[in-house]
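What the coordinates show
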Amino acid sequence: GNSTSNSNRNVQVVVPDFTLRINDGDLELTLNGRNAPELNVSREYREMLETYRDGQKKDKAQKEAAQFVKQKLDGAKWFIEAIKQRQQTLMLTMGAIMQYQKDYFLSGDETKLRPMILKDIAEDIEMDISTVSRVTNGKYVQLPWEIKDLKTFFSEGIQTESGGEVSNTQVKHRLKDIIEAEDKQIPIGDEQLTNMLNAEGYKIARRTITKYREQLKFPTARLRRKLI
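Each chain carries its own residue numbering, running from 1 in the written order of its sequence. Where local features are concerned, this predicted model is filtered to residues with pLDDT of at least 70; where side-chain atom pairs are given and counted, the filter is 80 or more; whole-chain, interface and lining totals use all residues. For side-chain calculations, the full set of non-hydrogen atoms in the structure is used, while hydrogens and water are omitted.

Right, let's talk about the overall build of the protein chain for a bit. Secondary structure elements are taken from DSSP: a helix is a run of H or I of four residues or more, a strand is a run of E of two residues or more, and numbering for both begins at the N terminus. In terms of regular secondary structure, the protein chain is built from ten helices and six strands. Burial statistics for the protein chain: of 228 residues in total, 35% are counted as buried. The contact rule is simple, with two residues in contact once any of their heavy atoms fall within 4.5 Å. A separation threshold of at least 6 residues defines the contact pool for the protein chain, and within that pool the share at least 24 residues apart is 58%. Each accessible area value is a Shrake-Rupley result obtained with a 1.4 Å probe; residue values ignore everything except the protein chains displayed when judging cover. A total accessible area of about 14,700 Å² is found for the protein chain, and carbon and sulfur atoms account for 50% of it. Burial status follows relative accessibility: with a 1.4 Å probe on protein chains alone, a residue under 20% of its type maximum counts as buried, one over 50% as exposed, and anything between as partly exposed.

Structure, rendered in structure tokens:
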């Protein structure tokens, strides 16, 4: 019937900017087509300039034409340079993320995501945090199992009792497991969830737990309660 066409209408098609493959236990990164256009200055333009330059009688019109063509050529060269620069920055940034999160990319196991902030990558590739932020914003990578937004690899680090650090993704996974396994007649409130995670060694505040619960799209305990 009609319903299928409606539901497909607002599906956002995401074209990944990078593709990450696993080849013989090694990670392989490629920049996708729309970020890597093949650019050349057309031969006609170059030949036109040669012709004007070699023209014996250099009248004013020809000189102006040559000047115009030269400006256009310089502009085109600058543009190609800028695109190449951007491609290099993209590859450099994603390459650094790939190395930093190697365990995750090789396994697909989200608990292996290391705490990573923009500063870590910026220091790695010796660029400004603002550059890394701009370069990763709204960019996607095609992984062997799904397409991911680059933002998902960045996280806050959360201290553990043992002095280590885990990523907030790991904590969210744990939170999700606890909520999904709870007795729906007596769902666990945020205060208690906080105590449970603290007892497991995660140093985490209640307001953070509330924030993560909301990000995981779980309503408050009161609203999760199921009556028999």
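Text resumes after the structure shown.
Any carboxyl oxygen of Asp or Glu that lies within 4 Å of a side-chain nitrogen of Lys or Arg is treated as forming a salt bridge with it. Tallying each qualifying case throughout the model produces eleven salt bridges. Put simply, Asp149 and Lys151 hold a salt bridge, and the shortest N to O gap is 3.6 Å.

In this section: helix 8 (residues 190-199). For helix 8, every residue scored as buried is listed here: Asp190, Leu193, Thr194 and Leu197. Buried residues of helix 8, viewed axially, fall in a sector of 100°; they line one side. Buried residues belonging to helix 8 abut helix 7 (168-181) and helix 9 (206-215). Positive backbone phi, at 105°, marks Gly201, one or two positions downstream of helix 8. The arc refers to the directions leading from the helix axis to the C-beta atoms.

Turning next to the sheet that holds strand 4 (residues 147-149). Whenever strands of a sheet pair, they do so through backbone hydrogen bonds, lying parallel or antiparallel. The strand order across the open sheet formed by four strands is 2-1-3-4, and the pairing between neighbours is mixed. Edge positions in the sheet fall to strand 2 (26-31) and strand 4, since each has one partner strand and no second. The mean angle between the axes of side-by-side strands here comes to 25°, regardless of whether they run parallel or antiparallel. Strand direction decides the pairing type here: strand 3 (residues 140-142) and strand 4, joined by three bridges, are antiparallel. The partner of Tyr140 across the bridge, within strand 4, is Asp149. Most of the contacts of helix 3 (residues 60-100) go to strand 2, to which it runs at about 155°, and overall it touches strand 1 (18-23), strand 2 and strand 3. A pair of strands counts as paired when DSSP detects no fewer than two bridges linking them. Between N-to-C directions, angles cover 0 to 180 degrees, with each direction set by a line fitted to C-alpha atoms, over the stretch in contact for helices.

What follows is about the environment of Arg206. Here Arg206 lies in helix 9. With a relative accessible area of 41%, Arg206 lands in the partly exposed category. Spatially, the C-alpha atom of Arg206 lies 8.5 Å from that of Asn195, the residues being eleven residues apart in sequence. Not counting residues up to four positions away in its chain, the partners in contact with Arg206 are Asp190, Glu191 and Thr194.

Residues Leu20, Met94, Ile97, Phe105, Ile121 and Phe153 are the most contacted members of the largest nonpolar core, which totals 25 residues. Taken together, the elements giving at least two residues each to this core come down to strand 1, strand 2, helix 3, helix 4 (102-107), helix 5 (118-125) and helix 6 (129-136). Looking at this core element by element, the count peaks at six residues for helix 3. Each residue touching Ile121, except ones within four places of it in the same chain, is listed here: Thr93, Ala96, Ile97, Tyr100, Met116, Val132 and Phe154. For the purposes of this section, nonpolar cores are sets of buried Ala, Val, Leu, Ile, Met, Phe, Trp, Tyr and Cys residues that join through side-chain atoms within 4.5 Å.

Only residues whose relative accessible area exceeds 30% and that take part in no salt bridge are eligible for patches, with like-charged residues grouped when within 9 Å of each other and nonpolar side chains (Val, Leu, Ile, Met, Phe, Trp, Tyr) grouped when within 5 Å. Residues Ile22, Leu106 and Trp145 make up a contiguous nonpolar surface patch of about 240 Å² in total accessible area. When you line up the elements, Leu106 lands in helix 4. Assessed through its relative accessible area of 35%, Leu106 is described here as partly exposed.

Positive phi values are uncommon outside glycine, yet Asp24 reaches one of about 55°. Take Asp24: its relative accessible area is 80%, and that puts it in the exposed class. Positioned with a positive phi, Lys217 is a non-glycine residue whose angle comes to about 70°. Tracing the backbone shows Lys217 in the loop between helix 9 and helix 10 (221-224).

Further remarks concern the confidence of the model for the protein chain. Note: pLDDT gives the predictor's confidence per residue, expressed from 0 to 100. The share of residues in the protein chain with pLDDT of 70 or more is 89%, and the mean pLDDT across the chain is 84. When the elements of the protein chain are averaged for pLDDT, helix 1 (residues 3-9) gives the smallest value, 47, and helix 8 the largest, 94. Predicted confidence is poor over residues 2-8, with pLDDT under 50, and the contacts of this stretch with residues over four places away or in other chains come to zero contacts.

Another aspect to go through is the pairing of strand 2. The alternating pattern of strand 2 places Leu27, Leu29 and Leu31 on a buried face, while none of Asp26, Glu28 and Thr30, on the opposite face, is buried. Hairpin connection from strand 1 to strand 2: two residues lie between these consecutive antiparallel strands, with Asp24 at a positive phi of about 55°.

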